[in-house]
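Geometric and topological summary
Listed below are the residues making up each chain.
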Amino acid sequence: GRGLVALKTLLRRPFDAAQLIAQAGSLEKIARRHGLIALDRSVIDDSDMAAAVAAAVDGATPSEIEAVIRDRVATRVERHRAVIELWSGVAEAAPAMGLIGTILGLVRMFAAMDNPDRIGAAMAVALLATLYGALLANLVAMPIVARLKRLARVEATERLRLAAPLARLATLERARKREIAA
């Protein structure tokens, strides 16, 4: 199911963390002004960012927040890898399925040697099965694999860019507490 759902992502532009980094900057301003607890009411659509902000509000250290981001990116990469492996399997299996169709067509052809009218149809099945297997592998599955790999790599890199701005949130609360104590 995930393999088919992943096809929707093929038409999307690669993930860009710039908007989320800008949102982290806005959250930082709120935290400076009203304290980190004020972020608890913020609406954050991105689940990774929401988890990091929740950890910061709960008192996590900067290194713990960076670990949250890294762990969530690693989990996302594993999900992407599973889908990529599925489509790689399709690309590898398609020529073999075409070969099986070719063999079945040749068997039908040899069985029809006594009737020349049926030989052509059996030969067509044999040749088309090979063609369809090669086309499915090279024109459908392999380009899907290449695009999914590229999108997954870009997304992982971009999401890791969120670690530093979100980790800064934890340092704000510690600095704020020192100012209040002084």
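Everything below is about the structure printed above this text.
I will try to describe carefully the structure that is included in this document. In this text, all values refer to a predicted model and were calculated from it rather than measured experimentally. (Residues numbered from 1 in each chain as written. Predicted model: local features only at pLDDT ≥ 70, side-chain atom pairs only at ≥ 80, totals over all residues. Heavy atoms only, no water.)

**Observations regarding the overall build of the chain**
A tally of helices and strands in the chain yields six helices and zero strands. What you see in the chain, going N to C, is helices and strands ordered as α-α-α-α-α-α. Since a compact globule built from 182 residues should have a radius of gyration of about 16 Å, the 27 Å found for the chain marks it as more spread out than a globular shape. Summarising its shape, the C-alpha atoms of the chain cover approximately 100 × 25 × 20 Å along the three principal directions. (Helix = DSSP H or I, 4+ residues; strand = E, 2+ residues; numbered from the N terminus. Rg over C-alpha atoms; globule rule 2.2 N^0.38 Å.)

**Let's talk about the side chain of arginine 76**
By secondary structure assignment, the location of arginine 76 is in helix α4 (residues 62-111). For arginine 76, a relative accessible area of 14% puts it in the buried group. If sequence neighbours within four positions are ignored, arginine 76 has contacts with Ser47, Asp48, Glu155 and Arg159. (Buried < 20%, exposed > 50% of the residue type's maximum accessible area, 1.4 Å probe, protein only. Contact = heavy atoms within 4.5 Å.)

**So, the packing of helix α3 (residues 47-57) against α4**
Two elements in contact, α3 and α4, have axes separated by 9 Å at closest approach and are oriented at 155°. If you check the angle between α3 and α4, you find them roughly antiparallel. Along this stretch, α3 crosses α4, giving a crossing that reads as right-handed. Counted together, Ser47, Asp48, Ala51, Ala52, Ala55 and Ala56 of α3 and Ile65, Val68, Ile69, Arg72 and Arg76 of α4 form the full contact between these two elements. Here the residues of the contact of α3 with α4 are counted per class, giving seven nonpolar, one polar and three charged. (Axes fitted to C-alpha atoms, helices over the stretch in contact; angles between N-to-C directions. Parallel < 35°, antiparallel > 145°, perpendicular 65-115°, else oblique. Left-handed = near helix turned anticlockwise from the far one by under 90°. Nonpolar A, V, L, I, M, F, W, Y, C, P; charged D, E, K, R; others polar.)

**Some remarks on the environment of aspartate 16**
Residue placement: aspartate 16 occurs in the loop between α1 (2-5) and α2 (18-34). A sequence separation of 143 residues divides aspartate 16 from arginine 159, and the C-alpha atoms of the two residues are 8.2 Å apart. Excluding residues that lie within four positions of it along the chain, aspartate 16 makes contacts with Glu158 and Arg161. From its side chain, aspartate 16 meets the backbone nitrogen of alanine 18 in a polar contact 3.3 Å long. (Polar contact = N/O pair within 3.5 Å; in protein donor to acceptor, adjacent residues only side chain to side chain.)

**Brief notes about the environment of glutamate 66**
Of note, glutamate 66 is situated in helix α4. For glutamate 66, a relative accessible area of 28% corresponds to the partly exposed category. For the pair glutamate 66 and arginine 168, spaced 102 residues apart in sequence, the C-alpha separation works out to 9.8 Å.

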